[in-house]
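Commentary on secondary and tertiary structure
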Amino acid sequence: MRPAFGIGMAMAALAALAVPVGGQDRSLPVGGQDRTLPASGQDRDTPKSLLPEGFDTPAAAPAQQVVLPGAISAPVSDDALPADPLAEAAAQPDPFAEAASGRDISGLGLLTPAAGGYGPAIFAGADGRFLAGLARRIAAPGASRWAAIVLRRALLSQAQAPSGITPGDWVAARAGLLLRIGEIDGAHRLAGAVPVDRYTPALYRVAAQTALAAGDIAGLCPIAETGRALWPEAEWDLGYGMCAAIAGDDITAASVFDALRRDRRINRFDLRLAERVSTLAGGAGRASGINWNEVDGLTLYRFGVASAAGLTVPPERLAALGPARAGWLVRNDGIAPDVRLSFLRAAAAIGTLSTAELVGGVSALSPVDAAGGYADDSRAGRLRAAFDGGDARRRSAAMARVRADVAAGGDGYGALLETAAAAARLPVTPDLAEASPDIIAALLAAGDSAAARRWWPVSQLAGSAARARAWALLATGSGGVPVTPDAFDDWKGATGASDRSAAILLAGLAGLGAARGSDWQALLDQYLPRPANSWTRAIDAAGRTGRIGDVAILAATGLQGAWRDVPAAHLFHIIANLARSGRQAEARLVAAEAVSRATAPSASATTPTKSA
């Protein structure tokens, strides 16, 4: 008889695997969490530093058990929530502790309205099979950071499941989509919140995928025995063997691995990875050396087991994980710091990392010099100067250097996000009139529309091009500025914007209801034809009835690919229906993001910046 493994027992046995190689904590700090303790007897008269917490004195973090952050960006400001809004859900009793819970999971979710969720009725009246089908067709993060934040919040909300689908399959559809857009913590915790007796076959598969993507081998243990009976993949048998070792059952582990050694389905490299975990968990494993040259590519199993076991995954193979990898890698302390550092901007650009976490990650993961500080010409040194590099002009110039530090073909939006926290600390001064559009863009990228609006009077002191750029960003992102056809024409003339950029701006203004009436008709006819199809009819119907959950998923289907591939008409429908569904603030931020990206170099949001 195969033994059952409780997750509590498995987690205790696997604790050794959570200690990073070399005893150094490589976890990503939440929101710039401290890396060092304050010195005793610190001079209280010392001027207050402008640096965020943890950026003052870089040093290696003390050895401790890794705690992966789980921050989820807020709907208006991406840094407004507590460090771990899922902590309440995580603190609930172990769902695997009871053999059969019988608990109703039809309203399962991790975010209450107080924690940023969208409420219990966001899928009311929806067709669950239709939405699940749409979710399965979304294969990668979309073009918009803010649309991704809306989608993630909708999927994690405590909300009643739509009709026409079992609750377990609905959780599987949500967790699978979260995984594919890079939201690994939310996906793993959502699947893990379901008692095992409520699992469906689809949820078994998705839960295993999320556990591997998170590098959490213990997460396989409550489901491995049933999973190997449901699915033919050899990875289930390997997982069962690892979990036996984790639970201290060396006899079962050895028996499983011996049987697998005779199984032609099993790649010997994959078996050695499993035996490595068995050995680290204290079992009598036969683990030998791991040579990546023996195999081609990188599977999800190999990534998850290797990172959990403290083995270095060759960086050149990480692309095989797909575009969502940026969100997975930055949360995985088993990945080398330089690799995680290179993916921070990409993770922020796809909406899985807040701007505060981005700054904290640069501080925690950047190499230090012999004196324990950052070189002035390093990525962390440039960011430090943006916070604390002298007067406002010098700090603004440092921010410009951060924005310019983009690899060839890279996405400048991630670099813009890296400056957002520094932009929020700048004084609103006429000295920075020419820089005001970039400051406004950074603030809106982080969701701080109120701070962005304060720069409007200053921007009016700038030259015509800078003034026009600031107008376009604020007209979409915050409101409170005059929006007329003449202002639109002035913007296009002053900036030399392309017709594509003009269509994007007009889509944002029209979706927000700011560009309507006979005065705008000629411009709308010229730049924004809006053909109807099944997608536009579906998202318009969802918007009219206020179903933000449907709107979020349909918006994601309309934003697949890079920004250059997104039709302006799609953007119009997405913004209009976010606003109709009661998410006016998010609608504005999606519009402002589109305007900001419209003139950026063409690149995928998931392209990592290699600067360090």
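Criteria and thresholds
Residues numbered from 1 in each chain as written. Predicted model: local features only at pLDDT ≥ 70, side-chain atom pairs only at ≥ 80, totals over all residues. Heavy atoms only, no water. Helix = DSSP H or I, 4+ residues; strand = E, 2+ residues; numbered from the N terminus. Buried < 20%, exposed > 50% of the residue type's maximum accessible area, 1.4 Å probe, protein only. Contact = heavy atoms within 4.5 Å. Areas by Shrake-Rupley, 256 points an atom, 1.4 Å probe, with all protein chains shown as cover. Expected span 1.5 Å × (residues − 1). Core = buried A, V, L, I, M, F, W, Y, C linked by side-chain atoms within 4.5 Å. Disulfide = S-S within 2.5 Å. Salt bridge = Lys/Arg side-chain N within 4 Å of Asp/Glu carboxyl O. 1 Å grid on protein atoms, 1.4 Å probe; cavity = no way out; pocket = protein on both sides within 12 Å on 5 of 7 lines; lining within 4 Å. Points joined across faces, edges and corners; volume = space filled by probe spheres on them. Nonpolar A, V, L, I, M, F, W, Y, C, P; charged D, E, K, R; others polar. Phe/Tyr/Trp six-rings, centres within 6.5 Å; stacked < 30°, edge-to-face > 60°. Lys NZ or Arg CZ within 6 Å of the ring centre and 35° of its normal.

A short note on the overall build of the protein
Tallying secondary structure elements over the protein gives 30 helices and 0 strands in all. Buried residues in the protein amount to 57% of all 612 residues. Considering only contacts within the protein whose residues lie at least 6 apart along the sequence, 71% involve residues at least 24 apart. Surface accessibility of the protein: about 23,700 Å² in total, with carbon and sulfur atoms responsible for 52%.

Topic: helix H5 (residues 167-180)
Spanning 14 residues, H5 covers 20 Å between terminal C-alpha atoms, matching the ideal 20 Å at 1.5 Å per step. Within the span of H5, buried status applies to Gly-168, Trp-170, Val-171, Ala-172, Ala-173, Arg-174, Ala-175, Gly-176, Leu-177, Leu-178 and Leu-179. Those residues of H5 hidden inside the fold are in contact with helix H3 (128-137), helix H4 (145-156), helix H6 (184-192), helix H7 (201-213), helix H13 (325-329) and helix H28 (548-557). After H5 finishes, the residue Gly-182 shows a positive phi value of roughly 95°.

Focus on the nonpolar core
Grouped together as the largest cluster of nonpolar side chains are 195 residues, with contacts concentrated most on Phe-303, Ile-439, Trp-471, Phe-488, Trp-491, Leu-506 and Ile-553. The biggest single contributor to this core is helix H9 (residues 234-246), with 9 residues.

Quick look at the state of the cysteines
Going through the model one piece at a time under the given rule, you end up with 1 disulfide. Residue pairing for Cys-221: its cysteine sulfur links by disulfide to Cys-243, the two sulfurs lying 2.2 Å apart. With the S-S dihedral at roughly -95°, the linkage between Cys-221 and Cys-243 falls on the left-handed side. Of the two residues, Cys-221 is situated in the loop between H7 and helix H8 (224-230) and Cys-243 in helix H9; the sequence distance between them amounts to 22 residues. The residues Cys-221 and Cys-243 share a single accessibility class, namely buried.

Overview of the side chain of Ser-596
Its location among the elements puts Ser-596 in helix H30 (residues 584-598). On the accessibility criterion, Ser-596 (18% relative accessible area) is buried. Those residues within four positions of Ser-596 in sequence are excluded, and the remaining contacts are Tyr-413, Leu-416, Ala-441 and Leu-473.

Describing the pattern of salt bridges
This model, assessed by the stated rule, comprises 22 salt bridges. For Arg-345, the salt bridge identified is with Glu-418, shortest N-O distance 2.8 Å. A residue pair is termed long-range when its members are at least 10 positions apart, and Arg-345 in helix H14 (residues 337-349) and Glu-418 in helix H18 (residues 412-418) qualify at 73 residues. For Glu-418, a relative accessible area of 0% corresponds to the buried category. Note that Asp-431 is salt-bridged to Arg-393, the shortest N-O span being 3.7 Å. Of this pair, Asp-431 sits in the loop between helix H19 (420-424) and helix H20 (436-445) while Arg-393 sits in helix H17 (residues 392-404); the two residues are 38 residues apart in sequence, bridging distant segments of the chain. One connected set of salt bridges, linked through shared partners, spans Arg-345, Arg-379, Arg-382, Asp-405 and Glu-418.

Some points on helix H12 (residues 300-308)
The buried fraction of H12 is high, at 8 of 9 residues. Buried within H12 we find Tyr-301, Arg-302, Phe-303, Gly-304, Val-305, Ala-306, Ser-307 and Ala-308. Close packing links the buried residues of H12 with H7, H9, helix H11 (268-280) and H13.

Observations concerning empty space enclosed by the protein
With the rule as written, the count across this model stands at 1 cavity of 30 Å³ or more. What the largest cavity holds in volume is close to 90 Å³. The wall of the largest cavity is formed by 13 residues, among which Gly-142, Ala-147, Ala-148, Leu-151 and Ala-556 lie closest to the centre. Elements supplying a minimum of two residues to the lining of the largest cavity: H4 and H28. Considering every element that reaches the lining of the largest cavity, the biggest residue donor is H4, with 3 residues. Its residues assigned to classes, the lining of the largest cavity comprises 10 nonpolar, 3 polar and no charged.

Some remarks on the packing of aromatic side chains
Here the structure, examined in full by the defined rule, presents 7 aromatic pairs. Aromatic pair Phe-303 and Trp-328: ring centres 6.5 Å apart, planes at 40°, arrangement tilted. In this pair, Phe-303 sits in helix H12 while Trp-328 sits in helix H13, placing the two residues 25 residues apart along the sequence. Each member of the pair Phe-303 and Trp-328 is classed as buried. For Arg-228, the ring lying beneath its charged end belongs to Tyr-240, and the centroid distance is 4.3 Å. Here the basic side chain of Arg-597 rests over the ring of Tyr-413, its NZ or CZ set 4.0 Å away from the ring centre.

Structural measurements only, silent on function.
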